Every structure is written in C-alpha cells, then in structure tokens.
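Structural characterization, general
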Amino acid sequence: MTESEDPAGRPGRGLAVAAVSVAVVSLVLAVSTWAAWLLVRPRVLSQPGNAFLGQALLFVLGALWFVALLAGALAIVFGITGGARRPDGDLARAGALTGLLTCLVALAGAVTFALSPTWTPVVEVQNTPGVYNDYFGK
C-alpha cells in the first residue's frame, strides 16, 4: 500500500479541510466587511457628529480586509500543501481556489480603503479676520 492510498498516513487530507474552512470563513469575513463598508460609510459621511467613533469604525473595517487577505493567502498555502495539484486533491483544490477568491475580494477592499480611508472631504478654510463663519451658532 503506497502513501497515496493510505488515508491515515498522509497529512494532506487535514490540510485540505483546513484550507476549505479557512477560505470559507475568510470569504464570509471579506464579503461582510464589504457589506458593512457600503452600508455604514455613507451614513458616517452624512453625520459628522461622532467623528472619532466613525473614523475608528472605518479603520477597523479597513483592517478586517487585510486580515481576510492574509487568511485567504493562508488558505491557498494550505490547499497547495494539502494536495491541490494531485489528481485526487479536489478538496484541497476547492480550498485553494476559494482562498484565491477571498484574496481578490479582500484585495479590492484593501485598495478601496487605502484610496479613501477617511470620510472627511477637503474643506477650504476661509481665514477672514473678525469673521467667525457661524462657528459659534450665530
């Protein structure tokens, strides 16, 4: 009996299961982060009342994309190590491909976060002496 025929003797099956589980969880994390970003960010933009909390929330969402990106890369490594290139490595191949999809979704989110991490638009400040521009509730 060779090593490829002995299911108890090869660690590839466990790595394949790990690849699928890590890939699915990280894909759900990346898609959920996208949903939260698309639902929360416009509301934070329109209500500048809690600026610190909104900024912190957006930074946490941005960090979650990087976490999902690392987890997707880990799923790819687990899938390839678990036997994605072998003819009987369907589970490992599924884990590696789902990890690749996770990396693509998370990379798109990380790029979106890197291009616009804050919500505050650039405002031109008018510095006219003696005029307070309604800062004190005129």
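This is a predicted model, so every value here is computed, not measured.

1. Some points on a nonpolar patch on the surface
A surface patch of nonpolar side chains, amounting to about 300 Å² of accessible area, comprises Leu97, Leu100 and Leu104. Tracing the sequence through the fold places Leu97 in helix α3 (residues 90–115). Overall, the relative accessible area of 52% leaves Leu97 in the exposed class.

2. Quick word on the environment of Phe59
Mapped onto the elements, Phe59 comes out in helix α2 (residues 51–81). Put simply, Phe59 and Phe113 are 54 residues apart on the chain and 8.4 Å apart in space, counted from C-alpha to C-alpha.

3. Focus on the pattern of salt bridges
Per the counting criterion, the structure on display carries two salt bridges. We note a salt bridge from Arg86 to Asp88, for which the minimum N-O separation is 3.7 Å. Taking the relative accessible area as the measure of exposure, Arg86 reaches 33% and is therefore partly exposed. Across the pair Arg93 and Asp90 runs a salt bridge whose closest N-O atoms are separated by 2.8 Å. Note that Arg93 and Asp90 are positioned in helix α3 at a spacing of three residues, about one turn of the helix. Using a relative accessible area of 29% as the deciding quantity, one classes Arg93 as partly exposed. Since its relative accessible area comes to 52%, Asp90 is described here as exposed.

Reading the values: rules and limits
- Residues numbered from 1 in each chain as written.
- Predicted model: local features only at pLDDT ≥ 70, side-chain atom pairs only at ≥ 80, totals over all residues.
- Heavy atoms only, no water.
- Patch = residues over 30% accessible without salt bridge, like charges linked within 9 Å, V, L, I, M, F, W, Y side chains within 5 Å.
- Areas by Shrake-Rupley, 256 points an atom, 1.4 Å probe, with all protein chains shown as cover.
- Salt bridge = Lys/Arg side-chain N within 4 Å of Asp/Glu carboxyl O.
- Helix = DSSP H or I, 4+ residues; strand = E, 2+ residues; numbered from the N terminus.
- Buried < 20%, exposed > 50% of the residue type's maximum accessible area, 1.4 Å probe, protein only.

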